[in-house]
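Structure at a glance
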Amino acid sequence: MTKILPIRYQPGLPLDRVIVRDPPAAEAIEMDVLVVGAGPAGLSCAIELARLVKQDQEAGGGIPDVNIAVLEKAGSLGEHSLSGAVVNPRAFRELFPEFKPEDFPFRQPVNAEAVYLLTERRAQRIPTPPTMHNTGYYTASLCEIVRWLGERAEEQGVNLFAGFPVDGLLVEGNTVRGVRTSPAGLDREGKPTGSYTEPTDLTARITIVAEGTRGLLSQAYQEWQKIGSSNPQLYALGVKEVWQTSRPLDRVIHTLGWPLPTDAFGGSFMYPLGPEQVAIGLVVGLDYHDAALDVHELLQRMKLHPLFRRQLEGGQLLEWGAKTIPEGGYYSLPERRHGDGILLTGDAVGFVDVPSLKGIHYAMQSGIFAARATFAALKAGDSSAGALAPCDRMVDESYIAQDLYRTRNMRLAFKHGFFAGGARAALMTLTGGRFPGGKIDMPADAAVPRTVRPARPLAVDNRLTFSKVDAVFKSGNATRDSIPSHLLIRRDIPGEVADFYSHVCPAGVYERIGENLRVNAANCVDCKATDVLGPRWTPREGGSGPKYRLM
C-alpha cells in the first residue's frame, strides 16, 4: 500500500516574517503589558494583573498605573473559542474568591455521568475511569466564559482590542519589545484595496503570548530561541456541534471505540447545556494511520448510533465548530516558557490533561501565575528572562505540573493501539503514574506515516448529518471571499496528499481536483489541523473565521 509521510510536504515556519527585527514604527502604540489572545489564559492574566496593581496602589506600594492591552483576532470576544466543556471551577474560585458558584458563567452542575464502549450498533456501559470523574464540576460554553471574563477585565480597566490578530513579534536582540498586527483590506493577490488598514505596532515592557493551541507566535519564538521539549507536542482534532433538543439529557456522557479504528486514539462526548441544548463532539489524535480518516465525517456517522440518535432526532443543529487540542502532556511542555520581555501561557504551551479531559482551569491558573510574575517584574523595573523565570517555577510547583506529571504517560501509552494502550493506561492509573517508569518516546504527528486507502463515501441527510459546507455555514464563518490566502502550502503536492489534506480539514478548505490541490481559504475556521500535518496557518485580517456563540 502507498504511504504518505506528511512532514515531507510541510513548509517550515516563516521565521523571517514572524520575528520582526525592524524598529517599531514611529506611531507605535506604547503599553506596559501586552497580552496576545483573549481566551481563558489571557483574560485571567489581565484580570489578575490589574487587580494586583490596584491592590498595591491602595496599599501605598508605589507602583504607577500599568496600561494593559489584550489583543484578540476574532471580531468580538468568544467568537473563536471552543471547548467541550466540563469545567473544574478551581481557577474561577481563586480568581474570584468573592463570587458564589451561581455567579460563574456555567450552564449546570454535573449530577451524573456515564462512559460507554461503542460498537457500530451497541453501547456497553463501563466503569468510569478515575481520571474522568466530574463530580463538583460544571458544563459550560467556552464562548460564554470568555465573554464573561472579558466583562470582568473591562471592569478592572483592561483595554480589550478585538479584531486585532498578531502575526509578528517585535524584537531587539533576544528581547521581545512588542507585537505587529496583521494588515486588513487586501485583495486575493495581497494588494491594498480601498479599505486597506496597515499593520499596527504595539510596544510593551512585557508581552504575554496566550494565543491558544498551535499558535504561530509561540511556535516561532520557541524555534527562534531553540527551546526544546522531551517529546514533541502532540495534537488532537475535535469537531463539535450544539443541538436544540426536546429530550433533556440528565448526565455527562463519554464514549470510546467506534467509530474510530483501533489504531487511532480518541473518543466522543455528549454534554447537557440546560434542559433544551446538548453539546456533542468527537476528538481524535492526529497521529492516526489511515490517510482517509475524516473526523468530521466520523462525527456525522456517530450521530446515527442509537445512543446519539435517540437524543438528537427531531432536534435542530444550532452551531458547529472545530479546533485542535494539545495532547502531549507533561513531556511535551517547553523546557522554558519565559524569555527577555516575554511569557508563554495557556494552550500555547500545552497545559491540557488528556486523561481527565480538562484544560480550561489549567489555562486560567497559568494566566494567573503569568500575571503574578509580571507584576513582580514591573515592581522591580526588570523585564529580563531572569525576572520572569518565577512564572515557570510557580507552574512547576503547582497542581498544573503535578496533575500532568501524574498522567504523564497515559496518552502516550496509546502509541500502539486502543486495546494495548487501554491496558497500560489502567496500570498507570492504579500505580499513580509510576508504571511503566521513564518516558514513552513519541514522534511528531507529522512524522507518522499514513496509509492511503479508499475513502468511504458519506451520504448526508441534512437532518441529522451534514456536509462540511453546511457545517461551516453553522460556524457563522463570515470571512470575505476576496481575502488573500493565509495558508502556506508547498507547490509539489501530489494527488494522494491533496486527498489526505481534504480529509484532515473538517471545513472543506482543501479539495483534490484531478492531480491538483484546490484551496478554499475562506472556509477556514482556524482549527489548525493542517498546521499540524501539512499547510501552515498564519493570521489573517481581524474578524475573519468563525463567529461562535455557543461553543
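About the thresholds
- Residues numbered from 1 in each chain as written.
- Predicted model: local features only at pLDDT ≥ 70, side-chain atom pairs only at ≥ 80, totals over all residues.
- Heavy atoms only, no water.
- Axes fitted to C-alpha atoms, helices over the stretch in contact; angles between N-to-C directions.
- Helix = DSSP H or I, 4+ residues; strand = E, 2+ residues; numbered from the N terminus.
- Left-handed = near helix turned anticlockwise from the far one by under 90°.
- Nonpolar A, V, L, I, M, F, W, Y, C, P; charged D, E, K, R; others polar.
- Pairing = 2+ DSSP bridges.
- Buried < 20%, exposed > 50% of the residue type's maximum accessible area, 1.4 Å probe, protein only.
- pLDDT = per-residue confidence, 0-100.
- Contact = heavy atoms within 4.5 Å.
- Salt bridge = Lys/Arg side-chain N within 4 Å of Asp/Glu carboxyl O.
- Polar contact = N/O pair within 3.5 Å; in protein donor to acceptor, adjacent residues only side chain to side chain.

What follows deals with the packing of helix 2 (residues 40-58) against helix 8 (residues 360-380). Helix 8 packs onto helix 2 with a crossing angle of 40° between their chain directions and a minimal axis gap of 7 Å. Between helix 2 and helix 8 lies a crossing whose hand is right-handed. When its residues are assigned to classes, the contact of helix 2 with helix 8 shows 14 nonpolar, four polar and four charged.

With that settled, the discussion passes to the sheet that holds strand 10 (residues 138-139). Neighbouring strands of a sheet are bound in pairs by backbone hydrogen bonds; such pairs are parallel or else antiparallel. A sheet is described by the order of its strands in space; here three strands give the open sequence 6-10-7, paired in antiparallel fashion. With partners counted over all chains shown, the strands left at the sheet margins are strand 6 (86-87) and strand 7 (108-109), one partner each. Both strand 6 and strand 10 contribute to a ladder of two bridges, which runs antiparallel. Counterpart to valine 86 in the pairing with strand 10 is threonine 139.

So, about the environment of alanine 444. Relative to the assigned elements, alanine 444 resides in the loop between helix 12 (418-430) and strand 25 (450-451). On a C-alpha basis, the gap between alanine 444 and arginine 372 in space is 33 Å, while along the polypeptide they are 72 residues apart.

Across the six residues that make up strand 15 (residues 192-197), only a small minority, zero, are buried. As defined by bridge partners, strand 14 (residues 184-186) adjoins strand 15 across two bridges and the pair is classed as antiparallel. For leucine 186, the partnering residue across the bridge sits in strand 15 and is proline 192. Taking the residues between adjacent antiparallel strands as the criterion, strand 14 and strand 15 are bridged by five residues, where glycine 190 takes a positive phi near 85°.

Next up on the list: the confidence of the model for the protein chain. When pLDDT is averaged along the protein chain, the result is 95; 96% of the residues meet or exceed 70. Element-level pLDDT for the protein chain is lowest in helix 12, with a mean of 64, against a maximum mean of 99 in strand 24 (residues 342-344).

What follows deals with the sheet that holds strand 23 (residues 338-339). Here we have six strands laid out as an open sheet, ordered 11-5-4-17-24-23, and mixed in their pairing. Two strands bound the open sheet, and with one partner strand each, they are strand 11 (159-162) and strand 23. Where strand 4 (residues 33-36) meets strand 5 (residues 68-72), four bridges bridge the pair, whose relative direction is parallel. Opposite valine 35, over in strand 5, you have valine 70 as the bridge partner. Sheet contacts for helix 5 (residues 216-224): strand 4, strand 17 (206-209), strand 23 and strand 24; angle to strand 24, the most-contacted strand, approximately 115°.

Bringing the pattern of salt bridges into the picture now. Under the counting rule described, the total for this entry stands at 31 salt bridges. The shortest N-O distance in the salt bridge between arginine 337 and aspartate 396 comes to 2.9 Å. Here arginine 337, found in the loop between strand 22 (316-326) and strand 23, pairs with aspartate 396, found in helix 10 (residues 390-396); they are 59 residues apart in sequence, far enough to count as distant. Each of the salt bridges in this network shares a partner with another, and the network as a whole consists of Glu48, Glu94 and Arg372.

This part is about the environment of threonine 345. In this structure, threonine 345 sits in the loop between strand 24 and helix 8. Threonine 345 gets classed as buried once you look at its relative accessible area, which sits at 1%. C-alpha of threonine 345 to C-alpha of tryptophan 258: the two residues are 87 residues apart in sequence and 35 Å apart in space. Residues in contact with threonine 345, not counting those within four places in the same chain, are Ala41, Ile208, Val209, Ala210, Ser366, Gly367 and Ala370. Here the side chain of threonine 345 touches serine 366 through a polar contact of 2.8 Å, side chain to side chain.

To continue, consider unusual backbone geometry. Omega for the bond connecting glycine 84 with alanine 85 falls within 30 degrees of zero, at -5°, which places this linkage in the cis form. Topologically, alanine 85 is positioned in the loop between strand 5 and strand 6. Cis geometry marks the peptide bond from tryptophan 258 to proline 259; its omega dihedral reads 10°. Positive phi outside glycine occurs at arginine 214, with the angle close to 55°. Position of arginine 214 among the secondary structure elements: in the loop between strand 17 and helix 5. Phi is positive for leucine 357, which is not a glycine, with a value near 60°.

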